Amino acid sequence: MNQTKIKIKKWQPNRYLSGLLWLLAIAFGHAQDITINGTVADNLGQPLPGANVLVKGTTSGTQTDFDGKFTLKAPGNGTISISYIGFVTKEVAINNQTSIKVSLVEDAESLDEVVVVGYGTQKKSDLTGAVATVGSKDIEKYTYNDASQALQGRMAGVNVQAQGGAPGASSVITIRGTGTFSNAGPLFVIDGMITGNMNTVNPGDIASVSVLKDASATAIYGSRAANGVVIITTKQGKKGKVSIDLDTNFGYQKVINQVDWADATQYAGIVNRANDADGVPRYPANDTEFDPNYSSNLYDDSFRTASVSNTNLRVSGGGENSVYSLSLNQFDQDGVIKFSDFKRTTVRANFGLDKGKFKLQSTIGLTRTVDNPNPYFNKERNLLPTIRLRNDAGEWSADDRADRGITTAYGAFYGPGTIANELGIADTEDRTNTLNTVIGNVSGTYEIFDGLSYKLNLGMESSSRNNYTFSPDAQVIYSGTNKATSELSETNTNRLNTLVEHTLNYKKAFNKHSVDVLAGYTDQKNNSRSLGIVALNAINDISVAGAFSSENLQRAPSQDITTTIQSYFGRLNYTFDDRYLLTASLRRDGSSLFKEDLRWGTFPSMAIGWNLSNEPFLSSFDAVSNIKLRAGYGEIGSNNVDAYAINPSINLFSTYILGDTQSRESGYAVTRGVNSNIFWETTKTTNFGLEFSTLNNKINVTMDYFIKKSEDILVDIQLPLYTGFSNQIPFNRGNIENKGFEFLVTYADQIGDLNFNLTANFSTLDNVVTSLGGQAPIVGGGFTSNGLQGTRTEVGESIGSFYGYVTDGIYQTDAEAAAANDQEGNPIAGDLKFKDFNGDGVDPDDRKYLGSSIPNFEYGFNLTADYKGLDLSLFFNGVSGNKILNSTKYRGYFDFNGNYLADAANAWTPTNTNTNIPRNTQVDPGFNRRMSDFYLENGAYFRLRNAQLGYTLPDDVLEKIKIPKIRLYVSATNLFTISDYSGYYPEIGRNSRGGTSQFNNGVDEGNYPTPRSYQLGLQVSF
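Here's a quick rundown of the structure. Fair warning: this is a prediction, and the values are worked out from it, not measured in the lab.

Topic: the overall build of the protein chain
Assigned secondary structure in the protein chain consists of 12 helices and 51 strands. Taken along its principal axes, the extent of the C-alpha atoms in the protein chain is 150 × 70 × 65 Å. Looking at the protein chain as a whole, 52% of its 1022 residues qualify as buried. Sequence separation of 24 or more characterises 69% of the internal contacts of the protein chain that already satisfy a separation of 6 or more. Accessible surface, the protein chain as shown: approximately 45400 Å² in total, 54% of it carbon and sulfur. Each charge sign in the protein chain was given a centre, from 89 positive and 106 negative side chains, and these centres are 11 Å apart.

So, the sheet that holds strand β4 (residues 69-75)
Sheet architecture is open: 3 strands sit in the order β4-β1-β7, paired in mixed fashion. Each end of this open sheet is capped by a strand with a single partner; those strands are β4 and β7 (99-103). With strand direction ignored, the average angle separating the axes of adjacent strands in the sheet is 35 degrees. Pairing geometry for strand β1 (residues 33-41) and β4, over 7 bridges, is antiparallel.

Considerations on empty space enclosed by the protein
Per the counting criterion, the structure on display carries 12 cavities of 30 Å³ or more. A volume near 330 Å³ is recorded for the largest cavity. Lining the largest cavity are 23 residues, with N145, Q149, Q333, T973 and P1011 positioned closest to its centre. Across the lining of the largest cavity, the residue classes tally to 7 nonpolar, 13 polar and 3 charged.

Quick word on helix α4 (residues 264-278)
The end-to-end C-alpha distance of α4 is 21 Å, a good match for the 21 Å that 15 residues give at a rise of 1.5 Å each. Every buried residue of α4 is accounted for by A264, Y267, A268, I270, V271, N272, A274, N275 and D278.

Parameters and conventions
- Residues numbered from 1 in each chain as written.
- Predicted model: local features only at pLDDT ≥ 70, side-chain atom pairs only at ≥ 80, totals over all residues.
- Heavy atoms only, no water.
- Helix = DSSP H or I, 4+ residues; strand = E, 2+ residues; numbered from the N terminus.
- Buried < 20%, exposed > 50% of the residue type's maximum accessible area, 1.4 Å probe, protein only.
- Contact = heavy atoms within 4.5 Å.
- Areas by Shrake-Rupley, 256 points an atom, 1.4 Å probe, with all protein chains shown as cover.
- Lys, Arg positive; Asp, Glu negative; His and termini not counted.
- Charge placed at Lys NZ, Arg CZ, Asp CG, Glu CD.
- Pairing = 2+ DSSP bridges.
- Axes fitted to C-alpha atoms, helices over the stretch in contact; angles between N-to-C directions.
- 1 Å grid on protein atoms, 1.4 Å probe; cavity = no way out; pocket = protein on both sides within 12 Å on 5 of 7 lines; lining within 4 Å.
- Points joined across faces, edges and corners; volume = space filled by probe spheres on them.
- Nonpolar A, V, L, I, M, F, W, Y, C, P; charged D, E, K, R; others polar.
- Expected span 1.5 Å × (residues − 1).

So, in structure tokens, the structure goes:
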């Protein structure tokens, strides 16, 4: 048998020892810990604070700081695992890298995102109601003076209209259409404190905004929630080292569009033609004594390039059991109209404590605003362009006669009308509206046993407002004369709003069941007290107290109003197997605004959801995921009535003629009629929703269809005069229906180093008044000083629909005008032609509904992208289907008390017939100025609301200067707007004479122009 012989070499220990040492060195080198500096961000490049970073296979780890940065020691050949709620966990091989950037992708499949809802939070996957959210990432990129503007165009079904472009101008928010005839808007909840607006919140302090749109979501708030609920959560601190963040920017603003008013030469020509047509003599200032050296352009001199600045400073951090956040904001805005500006200072402190079974959360915000408005811009009566703004001495003036050596009477020289130098008035008057507000709450939560917790929430809002106006006696007012006396008007108003809430919450998951039960009681009291003074012959800097002693005291208006609401409520959220969802709530409210037996209202709601994707039969269906169907119904109450509306007013000094001698005797009399039987308005909403994701969760879609019926709406009705009452009295007689469809889609993806996200939404709305309880149509929308009104609210039409005549060109001959049989005017050639629909001549029966100011289609697009250190954000929005009443046309063509539009020079004449502008006349016998579609314009627009381009310095540069983050950015607001509207801006809000009511919506009286702004900013983190 052959054997294989193996030759064994001589043992050489030195060779084996050196090899072994070499292998050990390699192993030691790979196992040695290295220090890693990393950054964790989302797929848009935004930092993710609080992300967990763990060395795989160990318990060693850390969390990212406020800027998404972390420092960790780990083996050079190891792996780190990064996780964050709502994002897919990612593992990264270290490979001896000391600097690592990690981008996490949203986990739409798990849907663990937490959404703030009434009195708590819910996972997005468990939501059954219609809730829209916007986060701080979308808000921080823009500079707003009003935080509510951060919602504009970002949420389907949420309409936000700025009330013009004045510094500090507020906004009107309408959610899913108007369901009341009052001015009531949505309910606002700021960190648990129920309030009436979000004006006191610095946009830079907002962590998230949730808008509850349907009744199943809002019913937990019962009263005042009929118009939706806006929940604002401010930024909290995070555990870890102290973070200091500075965001400051500075820029300037300019008017986007200017209305072309006539210069002195154009004005003289227009008035002379009108005087000739009316058969009256020309006025010397426009004819024989016309001198272009004595002229002005009030509007050009009123505009300016204005500055705007905004600075946010925030310090935050936390320890093992506590977190804190302290922020300071300073916002300064000069108006693009001279003599107007706005300043806001905000300080906010948030503190949280979590110790065992006890949690404490407190927040307090202090806001001071100082508003110096210019209310005189674009008034109906303005200085004629044939008069200078200042005289030879450089003083404000409205009369050049003395400097010109003219002795003719003022009206005989310049022409009829009331003349005012509004710019001079704005300069000489002292107008200051100062508001100091404190809003905050303290809440404590104690876990009684596993799953059951009790929470006490104490909230307070206190404000002090001083509205001061002083007009000196040197002020140029009317007809070129000085005001005979000075005038002081001052009002001090103090408000105190307190809230006490007790809630019990039980949360438990067992087997496939999950329950969340909430029960609570609230008590809210609101008191407002004001004291005012109006005095003549006042001295500069006089106080309210001093004005009371003035012998020329005119009025001392004051009031003291207290209202209270008590509520009991409960809610059940039930989930079975993450597939079947149920939400049911019940709230009972008692309001002091109603009499005792009508004081309480009960408002139930219920919604169901079906997570279809979690069904076994769809487990292998990957094309579409996260499919959820929702349906809900709920009722919400609204107490939209003035305080003490059910209490009659008694005049203690009335007199009545009595006896045989028919002498006047003193006594008491009820002078204001009331209806003590008014009760809650009720809004009933039905909602159907669908949500799903596709393309590996890159695309997420949400759709909702709703029917919102508001019943028993309070309608102000004028009683017959024989009752002895002249005031209007509210009755529960109105019904309104809003129907609409909402669509929201987001698309997020990553291509190499490019991350981008596109969000688009649109909504439709159909608003119809279904009942007025037999009341006559409600007329509103006044747009002139002579009582012309432009809107009418009637059954079958939208609230505040435009109503008037339909124009049909211009009469070309006197015979054509006479044949029209116009019963409201006496037209001749050159006057507007109005359609006769019933063949009996032009009369009030020929008036028609001409459209609505309510858009029937709204949309918005938001694009964000980042590539390495660069980031870009573009936000577009628009509306369509609405109309605007441009009352500037009345002023510019028909009102002889001021200047005319330059286009009035192109009015009809026998030699200029190819025009749509009626003839120049100051008498206007054809009644061209009557309400008609001549004033109406298309209100649709599409605009680039905001654009921002930023650059973040790379990490290697930041490491050298030892600063975690430096970002430079430029931004522009209202960069471009596509619109057919000829006024200053197509977003006009509800500004109109008679108040900002629903019936005045869409009436533009030359609102303060909305500016375009450009800003340069810097963000630094320490």
